[in-house]
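If you want the building blocks of each chain, they are given just below.
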Amino acid sequence: MPAARGVVSTPVVRQDERAPSRTALWRAGEAAHARGEYVGQESFMRAGEIRALAARAGIGPGVSVLDLCCGVAGPGRMITAESGCRYLGVDGSASAVQTARGLAGGLPCRFEQAHVPPLPDGRFDVVLLLETMLAFRDKAVLVEAVAGVLPTAGRFACTVEEGSPLTPGERALMPDADTVWPIGLAELTGLLRAAGLAVTWQEEWTAAHAATASALLRSYEADAAGISAAIGGPALADLLRAHRTWADWLGSGRVRKFALVAEKR
């Protein structure tokens with residue numbers, strides 16, 4: 001999986017460190033969100049936004065859902081529990097997939113370790129890509145792969161960081177800058193259209209995600225000692241630097257945040 005759902009530089013931890021890391025970051029994540037809005041997501045989305053996007057994509061009982069770059073699948077597990085969909089989460093990290101399986105409990109979720117593209121074989125009613133579009137440099141190949149697993153009237157639901165390419169100076173600011181590739185909204189819409197996908201809904205979430213980035217930054221700073229003990233000082237420094245940068249870029253409009261649904265025609 002591209003690092004940390006694309007937008008947050010959540011550090012990679014060793015197998016025996018996953019539990020303390022998850023506990024430390026979960027504690028900070030809960031503190032940064034309003035009650036009920038944190039479900040273990042590795043992103044700037046709130047639970048209400050995840051539900052809204054799932055509803056716009058028509059996720060419900062029996063709907064087959066492919067969640068790309070799912071991480072530990074906080075959003076995917078919530079969607080499955082609340083909608084009754086048939087869920088497959090895919091991620092390139094073996095530890096993330098193992099953690100997701102453990103956290104899923106008795107939910108009817110399946111998980112596979114794989115780097116995308118290519119995508120798993122089969123057809124899916126909905127493909128989700130939450131907070132990770134940013135990490136794919138070649139978005140045309142990604143969009144074509146998504147279109148290839150959708151039937152007619154299938155939906156692609158995603159979030160996207162909209163903006164011009166980063167300058168060398170901006171890349172120097174961001175940890176894991178090789179996973180930070182904004183795209184213009186018109187360009188993305190054109191790529192979707194070329195792949196046979198028509199945007200049926202979109203909404204801007206820039207202000208909300210700027211506020212979430214700032215809240216997470218404050219929460220991480222407040223619990224710096226506990227987080228550093230779990231993941232190490234250098235990883236904490238990268239985490240703080242990434243959130244400062246995103247709070248600035250989203251707050252200033254350097255990068256705008258959109259959610260959209262596109263339908264296969």
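To be clear, the structure that these remarks concern was listed above.
The model shown is predicted, which means the values in this text are computed figures rather than measured ones. Counting from 1, residues in each chain are numbered in the order their sequence is written. Under the rules for a predicted model, residues below a pLDDT of 70 receive no local features and side-chain atom pairs below 80 are neither given nor counted, while totals for whole chains, interfaces and linings still include all residues. Each side-chain value is derived from all of the structure's non-hydrogen atoms; neither hydrogens nor water enter the calculation.

Let's talk about the layout of surface pockets
Think of a 1 Å grid over just the protein atoms. A cavity is a set of points where a 1.4 Å probe fits yet cannot get out, a pocket is an open set with protein on both sides within 12 Å along at least five of seven lines, and lining residues have an atom within 4 Å of a point. Grid points are joined across faces, edges and corners, and a volume is the space filled by probe spheres set on the points. When its volume is computed, the second largest pocket comes out at roughly 180 Å³. Three classes are used: nonpolar for Ala, Val, Leu, Ile, Met, Phe, Trp, Tyr, Cys and Pro, charged for Asp, Glu, Lys and Arg, and polar for all others, with Gly counted as polar. The residue inventory of the lining of the second largest pocket, partitioned by class, reads 8 nonpolar, 3 polar and 4 charged.

Looking at helix H7 (residues 185-194)
Remark: exposure states derive from per-residue accessible area (1.4 Å probe, protein chains only) relative to the maximum for the residue type, with buried under 20%, exposed over 50%, and partly exposed in between. Think of it this way: any DSSP run of H or I at least four residues long counts as a helix, any run of E at least two long counts as a strand, and we number them from the N terminus. Listed in full, the buried residues belonging to H7 are Leu185, Leu188 and Leu192. The arc enclosing the buried residues of H7, seen along the axis, measures out at 65°, which places them on a common side. Facing away from the buried side of H7 by more than 90 degrees, the exposed set consists of Ala186, Glu187, Arg193 and Ala194. Of the residues one or two after H7, Gly196 is the one with positive phi, at around 85°. Directions drawn from the helix axis to the C-beta atoms are what define this arc.

What to know about the sheet that holds strand E5 (residues 155-162)
Any two strands are treated as partners once DSSP identifies two or more bridges connecting them. The strand order E3-E2-E1-E4-E5-E7-E6 describes an open sheet built from 7 strands, whose pairing is mixed. A strand with exactly one partner marks an edge of an open sheet, and here the two such strands are strand E3 (109-113) and strand E6 (197-204). Direction aside, neighbouring strands of the sheet carry axes that sit 20° apart on average. Two residues qualify as a contact provided that any one of their heavy atoms is within 4.5 Å of a heavy atom in the partner residue. Only the contacting stretch of a helix is used when fitting its axis, a line to C-alpha atoms as for every element, and angles between N-to-C directions run 0 to 180 degrees. Contacts between helix H5 (residues 139-149) and the sheet are confined to strand E1 (64-68), strand E4 (126-129), E5, E6 and strand E7 (256-264), with E4 contributing the most and set at about 150° to the helix.

Details of the packing of aromatic side chains
Here a pair means two rings of Phe, Tyr or Trp (six-membered ring of Trp) with centres within 6.5 Å. Their orientation is stacked below 30 degrees between planes, edge-to-face above 60, and tilted elsewhere. Here the structure, examined in full by the defined rule, presents 3 aromatic pairs. With 5.8 Å between their ring centres and 65° between their planes, Tyr87 and Phe111 make a pair best called edge-to-face. Residue Tyr87 is found in strand E2 (residues 86-91), and its partner Phe111 is found in strand E3; the two are separated by 24 residues along the sequence. Centre to centre, the rings of Trp246 and Trp249 are 5.3 Å apart; their planes meet at 80°, and the pair counts as edge-to-face. In this pair, Trp246 and Trp249 both sit in helix H10 (residues 233-252), 3 residues apart, roughly one turn of the helix. Here Trp246 matches Trp249 in class, with each residue buried.

Structural notes on the environment of Glu37
Position of Glu37 relative to the elements: it lies in the loop between helix H1 (18-32) and helix H2 (47-56). Owing to a relative accessible area of 22%, Glu37 belongs among the partly exposed residues under this scheme. The spatial distance from the C-alpha of Glu37 to the C-alpha of Glu49 is 8.9 Å, given a sequence separation of 12 residues. With residues near it in sequence (within four places) discarded, Glu37 still touches Arg46, Ala47 and Gly48. Between N or O atoms, a polar contact is any pair within 3.5 Å; within protein, one atom must be a potential hydrogen donor and the other a potential acceptor, and residues adjacent in sequence are included only when both atoms are from side chains. Within polar-contact distance, the side chain of Glu37 engages the backbone nitrogen of Gly48 at 2.9 Å.

Observations concerning the pattern of salt bridges
In what follows, salt bridge is the name for a side-chain nitrogen of Lys or Arg lying within 4 Å of a carboxyl oxygen of Asp or Glu. Counted according to the given criterion, the structure contains 11 salt bridges. Of the charged contacts in the structure, one is a salt bridge between Glu49 and Arg46, with a shortest N-O distance of 3.0 Å. Among the ionic pairs, Glu162 bridges to Arg256, the shortest N-O distance being 3.3 Å. Of this pair, Glu162 sits in strand E5 while Arg256 sits in strand E7, and the two are 94 residues apart along the sequence. Owing to a relative accessible area of 14%, Glu162 belongs among the buried residues under this scheme. Classification of Arg256 by relative accessible area gives partly exposed; the value is 32%. Each of Glu131, Glu161 and Lys257 takes part in salt bridges that share partners, so that together they form one network.

Brief notes about the packing of H5 against H7
Where H5 meets H7, the axes come as close as 9 Å, and the angle between the chain directions of the two elements is 40°. Here H5 lies oblique to H7, going by the angle between them. The handedness of the crossing between H5 and H7 comes out as right-handed. Here Lys139, Ala140 and Val143 of H5 lie close against H7, whose contacting residues are Leu188, Leu191 and Leu192. Its residues assigned to classes, the contact of H5 with H7 shows 5 nonpolar, no polar and 1 charged. Note on terminology: angles under 35 degrees are roughly parallel, angles over 145 are roughly antiparallel, angles of 65 to 115 are roughly perpendicular, and the others are oblique. By convention, the crossing between two helices is left-handed when the near helix turns anticlockwise from the far helix through less than a right angle, and right-handed when the turn is clockwise.

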